Amino acid sequence: MSRVAKGCVEQLPSGSWRARVYAGVDPITKREIRLKATAKTEQQAHIELGRLLKEASEGRTPESDAIVAKLLDEYAAIAPWDVSTRQTNEGFIRRTIKPALGHLEVRKVRGPILDQLYSRLKRCGNLSCTGRPFTEHRNVPSLVINPRDRRAPWQQVTGILAEAIRSGILAPGDELPSITELSARQGIGTGIIRHALAALAEDGLIIVQHGRPAVVAGDPSTGPRPSRRRPGPGHDCHRAGCRPHVCHPMKPSTIRGIHGILSGAFSAAKRWEWTERNPAESAKAPTTTRKSVQATSPEDVAKVIAEARANSTALGLYLWLVVITGVRRGELCGLQICDIDLDRGVVHVAFNYVVRGGQRVRKDTKTHQDRWLAIDPDTCALIASYLEQIRTELATVGVKLRDDAHLFSNDPAHSRPWNPDWATHRVADASAAAGVELDIKGGRHYTASQLLAGGFDLRNTAARLGHSGGGATTLRHYADPVPEVDRRAAAYLAQLTARSAPSSPQP
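Residues numbered from 1 in each chain as written. Predicted model: local features only at pLDDT ≥ 70, side-chain atom pairs only at ≥ 80, totals over all residues. Heavy atoms only, no water.

Asks: Any chance you could explain the overall build of the protein chain here in plain terms?
Replies: Scanning the protein chain from terminus to terminus reveals 18 helices and 12 strands. Projected onto its principal axes, the C-alpha positions of the protein chain cover 100 × 90 × 65 Å. Taken over 507 residues, the protein chain has a buried fraction of 39%. Taking as baseline every contact in the protein chain between residues at least 6 positions apart, the subset at least 24 positions apart corresponds to 65%. On the protein chain, roughly 28,300 Å² of surface is accessible, and the fraction owed to carbon and sulfur atoms is 51%. (Helix = DSSP H or I, 4+ residues; strand = E, 2+ residues; numbered from the N terminus. Buried < 20%, exposed > 50% of the residue type's maximum accessible area, 1.4 Å probe, protein only. Contact = heavy atoms within 4.5 Å. Areas by Shrake-Rupley, 256 points an atom, 1.4 Å probe, with all protein chains shown as cover.)

Written as structure tokens, this is what we have:
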């Protein structure tokens, strides 16, 4: 911002006086900064002029006209989010916060505005929903293959979709139907659709994420609530996949995540003197309630491990280590041979492997702390047998297993670890085959619940799972009721009460 400040005093038609100061250009909004103040007399106006000149010389510009969309861009650039959290939060910003609040000036946002947004999201996560029935139109063009066109079919589909994106028919943030749905509705093979979407993603026109619909790249409009765009002439609702709107209330935990982003952004705006208040402090995010479920029994966990082991020795060992050590899925995927000391019976957990948006990152753990976990002789034997099997297979081709190789990998030399999402799906398949509801996070729940039920103290249990905060997270989110402990509690109370009861009078 320019520090050259110029000011003047002028009389208004009403007879009062006004001091005006030009304070340069705001580096964020690129707008001229003009400070002003009114007074009843010319002398008071000159006093105000001196005050404004001092504020301008010190770089104080409380009357910033920055909008929420600009604030979110500036805050997201410096927010201390890790890879996975950043992707999630940027999705919230792109799909919900900017369309709802992006057009508002930062200094004009108040707590009630945020409360109204949260209330609306609790009814339906679609910002264009007013509670009345409507059709969700998709402006997907008709994908017609021209047999006379010399280009390959996938190239023709790529060209049609690219033109629709560049012309604005498909706007930033618009979701595309799935490959299967596009193929069925447009009458084109799934291979052609998949190849076309891959080409669009490579050109940066769409964003493709595993397990989610592909979306058009770019920031959605920062105007008020998204309007329902009417389809153009020749639009075919069946081919485009248009459908009646069904309200899907946003989960309280998701709204709390949005509230956390806004709270951090407005806190930064307050530090930067863009605003004098943080409206998130006076807004109230919905409360969340955790549904209590019984801990998975050791017998059911053993069934899933046996099923996983029958399909893959590596997957069986992976799930075994999940429930024995309580580590997170990415921590286990990022484990290297050098992190395991079988002689001492310890595993060093210092890294977390994350795959997000095509990025493969081996970073520090979620709580930014490494830990040494003890493992028992049986677990050491399982790991040793698994490593011997790998070394034997590599020896047949004259390759040695490196110390920096990953314990779990689909690569013959174990140079690249498992994708955590891939491991999740494989464990889910094994659980379904065993007829047991158990996923990787459920395995960590099992670890916490059984350790606490076995009498192990909370602090060591939390440390094994990598929880910070003295165990509050472990108790609140991971310690599920164990039926055997509840039965022991019932028997104890019954015996205690029976011993304390007065004896029956003799006849």
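Asks: What exactly am I supposed to notice about helix 10 (residues 298-311) here?
Replies: Owing to its 3.6 residues per turn, the α-helix aligns residues three or four sequence positions apart on the same side. With 14 residues, helix 10 extends 20 Å from end C-alpha to end C-alpha; this agrees with the ideal 20 Å at 1.5 Å per step. Along helix 10, the residues classified as buried are V301, V304, I305 and A308. All buried residues of helix 10 fall inside an arc of 100° around its axis, so they share one side. Turned more than 90 degrees away from the buried face of helix 10, the exposed residues are E299 and A310. Next to the buried residues of helix 10 lie helix 11 (313-325), helix 14 (420-434) and helix 15 (440-453). (Expected span 1.5 Å × (residues − 1). Arc of directions from axis to C-beta.)

Asks: Looking at this model, I keep getting lost on the side chain of T365. Mind explaining?
Replies: Tracing the backbone through its elements, the reader meets T365 in the loop between strand 11 (359-363) and strand 12 (371-374). On the basis of relative accessible area, T365 is assigned to the buried category, the value being 0%. Only 2.7 Å separates the side chain of T365 from the backbone oxygen of Q369, close enough to count as a polar contact. Leave out the neighbours within four places in its chain, and T365 touches E331, V349, A350, F351 and N352. (Polar contact = N/O pair within 3.5 Å; in protein donor to acceptor, adjacent residues only side chain to side chain.)

Asks: Just to check I follow, could you spell out the sheet that holds strand 9 (residues 346-349) for this structure?
Replies: Sheet strands line up and pair through hydrogen bonds in the backbone, either parallel or antiparallel. Sheet architecture is open: three strands sit in the order 8-9-12, paired in antiparallel fashion. Every interior strand has two partners, whereas the edge strands, strand 8 (340-341) and strand 12, have only one. Inspection of the sheet shows strand 9 paired to strand 12 by four bridges, in the antiparallel sense. By the bridge assignment, V349 is partnered in strand 12 with R371. (Pairing = 2+ DSSP bridges.)

Asks: Where do I start with helix 7 (residues 190-202) in this structure?
Replies: Taking 1.5 Å of rise per residue, the 13 residues of helix 7 would be expected to cover 18 Å, and the 18 Å separating its terminal C-alpha atoms lies within 8% of that figure. The inward-facing, buried residues of helix 7 abut helix 5 (153-166), helix 6 (179-186) and strand 5 (206-207). A positive backbone phi angle near 80° is found at G204, which sits one or two residues after helix 7.

Asks: For this particular structure, what's the right way to read the packing of aromatic side chains?
Replies: The final tally for this structure, using the stated rule, is seven aromatic pairs. Consider the rings of Y318 and W418, whose centres lie 5.4 Å apart with planes at 45°: the pair is tilted. With a gap of 100 residues between them, Y318 in helix 11 and W418 in the loop between helix 13 (377-395) and helix 14 connect regions that are remote in the sequence. Here the aromatic residues Y318, Y386, F408, W418 and W422 are joined through ring pairs into a cluster of three or more. The lysine or arginine in question, R362, covers the ring of F351, its NZ or CZ lying 3.9 Å from the ring centre. (Phe/Tyr/Trp six-rings, centres within 6.5 Å; stacked < 30°, edge-to-face > 60°. Lys NZ or Arg CZ within 6 Å of the ring centre and 35° of its normal.)

Asks: Please clarify how the packing of helix 3 (residues 83-101) against helix 9 (residues 252-271) should be interpreted in this entry.
Replies: Packed helices, taken two at a time, are described by the angle between their axes plus the distance between the axes. The geometry of helix 3 relative to helix 9 is characterised by a closest axis approach of 10 Å and an angle of 80° between their N-to-C directions. In this view, helix 3 runs roughly perpendicular relative to helix 9, as classed from their interaxial angle. Counted together, N89, F92, I93, T96, I97 and L101 of helix 3 and T254, I258, I261 and L262 of helix 9 form the full contact between these two elements. The class makeup of the residues in the contact of helix 3 with helix 9 is seven nonpolar, three polar and no charged. (Axes fitted to C-alpha atoms, helices over the stretch in contact; angles between N-to-C directions. Parallel < 35°, antiparallel > 145°, perpendicular 65-115°, else oblique. Nonpolar A, V, L, I, M, F, W, Y, C, P; charged D, E, K, R; others polar.)

Asks: So what exactly am I meant to see when it comes to unusual backbone geometry here?
Replies: Glycine aside, a negative phi is what most residues show, and trans is what most peptide bonds show. Positive phi, close to 65°, is recorded for E273, a residue that is not glycine. By the secondary structure assignment, E273 is in the loop between helix 9 and helix 10. Even without glycine at this site, H368 takes up a positive phi of about 60°. Looking at the secondary structure, you find H368 in the loop between strand 11 and strand 12. The exposure class assigned to H368 is exposed, which follows from its relative accessible area of 56%.

Asks: How do you make sense of the packing of helix 11 against helix 13 when you look at a structure like this?
Replies: Contact geometry of helix 11 with helix 13 gives a least axis separation of 11 Å together with a crossing angle of 155°. If you check the angle between helix 11 and helix 13, you find them roughly antiparallel. The handedness of the crossing between helix 11 and helix 13 comes out as left-handed. Contact residues: T313, A314, L317, W320, L321 and I324 in helix 11; T379, L382, I383, Y386 and Q389 in helix 13. (Left-handed = near helix turned anticlockwise from the far one by under 90°.)

Asks: Explain the environment of K400 here, please?
Replies: Note that K400 resides in the loop between helix 13 and helix 14. For the pair K400 and A413, spaced 13 residues apart in the sequence, the C-alpha separation amounts to 8.1 Å.

Asks: When you look at a nonpolar patch on the surface in this model, what are you seeing that I'm missing?
Replies: Together, Y492, L493 and L496 give the surface a local cluster of nonpolar side chains, amounting to about 300 Å² of exposed area. Relative to the elements of secondary structure, L493 occurs in helix 18 (residues 483-500). (Patch = residues over 30% accessible without salt bridge, like charges linked within 9 Å, V, L, I, M, F, W, Y side chains within 5 Å. Salt bridge = Lys/Arg side-chain N within 4 Å of Asp/Glu carboxyl O.)

Asks: Looking at this structure, I do not really get the nonpolar core. What am I missing?
Replies: A general trend in soluble globular proteins is that nonpolar side chains are found buried together. Counting residues in hydrophobic clusters, the biggest one holds 42 residues, and the most contacted among them are Y318, L332, Y386, L387, L407, F408 and W418. Of all elements in the fold, only helix 10, helix 11, helix 12 (329-333), strand 9, strand 10 (352-356), helix 13, helix 14 and helix 15 reach the threshold of two or more residues within this core. Here this core gets eight residues from one element, more than from any other, and that element is helix 11. By size, the runner-up hydrophobic cluster in this structure holds 32 residues, among which are A66, A100, L121 and W274. (Core = buried A, V, L, I, M, F, W, Y, C linked by side-chain atoms within 4.5 Å.)

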